[in-house]
Amino acid sequence: MALTYDTLQNDTIAAIATGITESGIGIIRISGPDAFAVGDRLCRGRDGSHVFSSWKPGTIHFCLITDPDKEGGKEPCVIDEAMVSVMRAPHSYTTEDTVEINIHGGVYLMNRVLELALHNGCRMAEPGEFTKRAFLGGRIDLSRAEAVMDLIQSDNEFSRRTAVEQLEGSVSTEVKKLREEILYEIAFIESALDDPENYSMEGYPEKLRKKCADLIDRLDHLLQFSESGRVLKEGIRTVIVGKPNAGKSSLMNFLAGSDRAIVTDVAGTTRDTLEEKIRLGDVILDVTDTAGIRKTDDVVEKIGVERAQKAAKQADLILYLVDTSTGISEEDRYIFRLLRERISAGTRCIILLNKTDLPSRTDRNDIAEMFRFIAPSPKPEGSTRVVNYKRAEVIPVSIRTGEGMEDFKAKIQQMFRTGEIASKNEVFLSGLRQRTEARSARDSLKLVVNSIDSGMSEDFFSIDLMNAYTALGRIIGEAVEDDLVEEIFSKFCLGK
């Protein structure tokens, strides 16, 4: 059930804020109006005395954690020694009174202390509820809240850095600038419509058109960089395709550094897609090894081929293996038609002429003939192994001996210019939700331009400007629907 802000204000929640595994320290986080009362019930001095009420906010203290239900004996029932932090609203992560109990990190011990907190006035926190309270309390906007989860889930330097920048307000600052400029135009139009004697619209459509064009350019730039940065943050969606027995599974194993896929001389061993996240230098590849693409009457293999084609259509990078020892076949021509379609749509492609350690029946000229619609460019100076075909690259390799594989790995780095992307000090929209809202705002601004070019009245301008303003507002949580907030925070871990 979705919780309203009023409900959140009246509830005190608790959860384990560290990983539930054996560790040096475990933290039980308590937040809400009764957090201090719960802390006072659980915390005792060495002599068993109540000490919590004497602690000042913003401090940390040593104490004993005891079970209040077992008091009355000669000595308190001590659960553990702890360091306890005390934070008073609004100067805490959640903007509420907060107590954090730092105990020894045993799994049973953490659950035992959590049970004490739940038994003495708390309820179990929902996933992401501490951060949700920070958002509803006004300490952070929605883009910063999402950055918290991005930071937790980051697995490379680019992901970490962009999450920290977003947490510090990079997205929020840029979005607010755009909204302020749009709001100014909305206010001017409304004022001119209400008071035409004091606000002249003469020449205004041309000025508004220039302003909208500037805003569209800025949103386009923001979206383009965010799409480029996505491959660093989320990984390059990479699909290995080729006819059966071309070496796809061997390539997967080479990239993974282990026998991830079954390799035999029998064609059609891989019947389904096989996925693996692989780090290659400073980038991450989300690699999918697919079934050999060919026409088949085998029901199971046919499903695998269909899945391979679907994966290729969703890829950022296609790795196409050609078996040079057998020559170009009808199966290869079938795959080339798929590649032409994907390359035309902007997908990058590397064609690996595999099995150079065997007598060759296929070379670059055969590939060039297959790619007649792509004019080859000159070879890079000093290079003897890599031929450029605009978005397609052709590299001869032998996966078995390792020949050409360093050229292959270097080409992926060059293709996506990862170092260049990572070094730019740009605002990065971290998730699909944010990018979708930015596109919606851009499209609304384009409608304003169309209305101006069509000579439509000024009230049409206001409608689309307001739509752009609202879409940008949803990025930072302005006028965001409750169910969207629930969906976003439900993806968080417990205790955050």
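The structure presented is a predicted model; accordingly, all values stated were derived computationally and were not measured. (Residues numbered from 1 in each chain as written. Predicted model: local features only at pLDDT ≥ 70, side-chain atom pairs only at ≥ 80, totals over all residues. Heavy atoms only, no water.)

1. Comments concerning the overall build of the protein chain
Consideration 1: For the protein chain, the helix and strand inventory stands at 17 helices and 14 strands.
Consideration 2: Split into buried and exposed, the 496 residues of the protein chain put 49% on the buried side.
Consideration 3: Taking the contacts inside the protein chain whose residues are at least 6 apart along the sequence as the reference set, 68% of them involve residues at least 24 apart.
Consideration 4: On the protein chain, roughly 23,700 Å² of surface is accessible, and the fraction owed to carbon and sulfur atoms is 49%. (Helix = DSSP H or I, 4+ residues; strand = E, 2+ residues; numbered from the N terminus. Buried < 20%, exposed > 50% of the residue type's maximum accessible area, 1.4 Å probe, protein only. Contact = heavy atoms within 4.5 Å. Areas by Shrake-Rupley, 256 points an atom, 1.4 Å probe, with all protein chains shown as cover.)

2. Quick word on the confidence of the model for the protein chain
Consideration 1: Residues at a pLDDT of 70 or more form 79% of the protein chain, whose mean pLDDT is 80.
Consideration 2: By mean pLDDT, the top-scoring element of the protein chain is strand β1 (residues 13-16) (95), and the lowest-scoring one is strand β13 (residues 387-389) (42).
Consideration 3: Of the regions scoring below 50 in pLDDT, residues 260-272 engages in 39 contacts with residues more than four places distant in sequence or in other chains.
Consideration 4: Note that residues 373-389 has pLDDT below 50 and, in this model, 35 contacts with residues that lie over four places away or in other chains. (pLDDT = per-residue confidence, 0-100.)

3. With respect to the pattern of salt bridges
Consideration 1: Taken as a whole and judged by the stated rule, the model has 23 salt bridges.
Consideration 2: Between Arg133 and Glu96 there is a salt bridge, with the nearest N and O atoms lying 2.9 Å from each other. One end of the pair, Arg133, is in helix α4 (residues 129-136); the other, Glu96, is in the loop between β5 (78-87) and β6 (98-105), and 37 residues separate them in sequence.
Consideration 3: Under the relative-accessibility criterion, Arg133 is labelled buried at 1%.
Consideration 4: Several salt bridges converge on common partners, so that one network encompasses Asp11, Glu96, Arg123, Glu129 and Arg133. (Salt bridge = Lys/Arg side-chain N within 4 Å of Asp/Glu carboxyl O.)

4. Points about the pairing of strand β12 (residues 348-354)
Consideration 1: In terms of residue burial, β12 counts as a mostly covered element, since 6 of its 7 residues are buried.
Consideration 2: Pairing of strand β11 (residues 317-323) with β12 involves 7 bridges; the strand directions are parallel. Looking at β12, one finds that Val322 is bridged to Leu353.
Consideration 3: As a crossover connection, the stretch from β11 through helix α11 (residues 330-344) into β12 is right-handed. (Pairing = 2+ DSSP bridges. Right-handed = clockwise from strand over helix to strand, strands pointing away.)

5. Observations regarding the nonpolar core
Consideration 1: The biggest cluster of nonpolar side chains holds 32 residues, and the ones touching the most others in it are Ile182, Leu208, Leu219, Leu445, Leu465 and Leu472.
Consideration 2: Breaking this core down by element, the ones donating at least two residues are α7 (170-194), α8 (204-233), α15 (432-453) and α16 (458-476).
Consideration 3: In contact with Leu465, other than residues within four places in its own chain, are Ile182, Glu185, Ile186, Ile189, Leu208, Cys212, Leu445 and Val448.
Consideration 4: Of all hydrophobic cores here, the second largest spans 28 residues; its members include Ala14, Phe36, Cys63 and Leu116. (Core = buried A, V, L, I, M, F, W, Y, C linked by side-chain atoms within 4.5 Å.)

6. Examining unusual backbone geometry
Consideration 1: At the junction of Ala89 and Pro90, the peptide bond is cis and its omega measures out at 0 degrees in the coordinates.
Consideration 2: Mapped onto the fold, Pro90 is located in the loop between β5 and β6.
Consideration 3: A positive phi angle, close to 75 degrees, is found at Thr95, a residue other than glycine.
Consideration 4: Checked against the element boundaries, Thr95 lands in the loop between β5 and β6.
Consideration 5: Overall, the relative accessible area of 15% leaves Thr95 in the buried class.
Consideration 6: One non-glycine residue, Lys355, lies in the positive phi region at around 75 degrees.
Consideration 7: On the basis of relative accessible area, Lys355 is assigned to the buried category, the value being 19%.

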